[in-house]
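Chain by chain, the residues run as shown.
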Amino acid sequence: QVQLVESGGGLVQAGGSLTLSCAASGRTFSSYTMGWFRQAPGKEREFVAAIIWRGGNTYYADSVKGRFTISRDNAKNTVYLQMNSLKPEDTAVYYCAADVAFRIATMAAEYDYWGQGTQVTVSS
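The structure displayed is predicted, hence computed values, not measured ones.

What counts as what
- Residues numbered from 1 in each chain as written.
- Predicted model: local features only at pLDDT ≥ 70, side-chain atom pairs only at ≥ 80, totals over all residues.
- Heavy atoms only, no water.
- Helix = DSSP H or I, 4+ residues; strand = E, 2+ residues; numbered from the N terminus.
- Rg over C-alpha atoms; globule rule 2.2 N^0.38 Å.
- Buried < 20%, exposed > 50% of the residue type's maximum accessible area, 1.4 Å probe, protein only.
- Areas by Shrake-Rupley, 256 points an atom, 1.4 Å probe, with all protein chains shown as cover.
- Lys, Arg positive; Asp, Glu negative; His and termini not counted.
- Charge placed at Lys NZ, Arg CZ, Asp CG, Glu CD.
- Salt bridge = Lys/Arg side-chain N within 4 Å of Asp/Glu carboxyl O.
- Core = buried A, V, L, I, M, F, W, Y, C linked by side-chain atoms within 4.5 Å.
- Contact = heavy atoms within 4.5 Å.
- Pairing = 2+ DSSP bridges.

> Sorry if this is basic, but what is going on with the overall build of the protein here?
Along its length, the protein carries zero helices and 11 strands. Traced from its N-terminal end to its C-terminal end, the protein shows the element sequence β-β-β-β-β-β-β-β-β-β-β. Relative to the 2.2 N^0.38 estimate, which gives 14 Å for 124 residues, the radius of gyration of the protein is 13 Å and therefore close to what a compact globule would have. Expressed as a percentage of its 124 residues, the buried residues of the protein come to 41%. On the protein, roughly 6100 Å² of surface is accessible, and the fraction owed to carbon and sulfur atoms is 47%. Separation between the mean location of the 11 positive side-chain charges and that of the 10 negative ones in the protein comes to 4 Å.

If you want it as structure tokens, here you go:
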């Protein structure tokens, strides 16, 4: 059974940085796509970034391009989201997700497994 466990959320001032981690277990993820999504109160879940585990191709939402970096550590089966220059509008619950297909997927419905989420709050 696939398990995704996020960590690293917290409270940070605008302009600050945070790194989220997603520890994956239960499968071999080498053919998966891993994504990060976020959901603010009263809003729909939105795509943030994705990485194809094999090869490391990445894709970002325009709202985070140049500020966020997604990466993976094969040995640790962990995906990271480095978030710099954080803004109050980045405040949300951040979710890690896994898509069993070999593709860049940006729609939440395309992902098969989800973590429980971690809260990121950016104060102004």
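> Please clarify how the pattern of salt bridges should be interpreted in this entry.
Any two side chains of opposite charge can pair, so long as their charged atoms come close to each other. Inspection of every chain in the model, using the stated rule, returns six salt bridges. Between D90 and R38 there is a salt bridge, with its nearest N and O atoms 2.9 Å apart. You can see D90 sitting in the loop between β8 (78-83) and β9 (92-99) and its partner R38 sitting in strand β4 (residues 33-39), a full 52 residues away along the chain. R38 carries the same exposure label as D90, and that label is buried. Salt-bridge contacts for E110 lead to R103; the nearest nitrogen and oxygen are separated by 4.0 Å. Taking the relative accessible area as the measure of exposure, E110 reaches 24% and is therefore partly exposed. Residue class for R103 comes out partly exposed when judged on its relative accessible area of 33%. Overlapping salt bridges, with partners in common, bring together R38, E46, R67 and D90 in one network.

> Would you mind showing me how to read the nonpolar core here?
Taken as a class, soluble globular proteins show a tendency for nonpolar side chains to be buried jointly. Counting 36 residues, the largest nonpolar core has L4, F29, M34, W36, L81, M83 and Y94 as its most contacted members. Elements represented by at least two residues in this core include exactly β3 (18-25), β4, β5 (46-52), β7 (68-73), β8, β9 and β11 (118-123). Setting aside residues no more than four positions away along its own chain, L81 makes contact with L18, T19, L20, W36, V48, A49, F68, T69, I70 and Y94.

> Can you help me understand the pairing of β5 in this one?
Within a regular strand, side chains alternate between the sheet's two faces. With six of seven residues buried, β5 is to be regarded as a mostly interior element. Across six bridges, β4 lies against β5 in antiparallel orientation. When the sheet's bridge partners are listed, R38 is paired in β5 with E46. Adjacent in sequence and paired antiparallel, β4 and β5 are bridged by six residues, among which G42 carries a positive phi angle near 75 degrees. In textbook terms, the turn of a hairpin is the stretch between consecutive antiparallel strands, and for β5 and strand β6 (residues 58-60) this stretch comprises five residues, one of which, G55, has a positive phi near 100 degrees.

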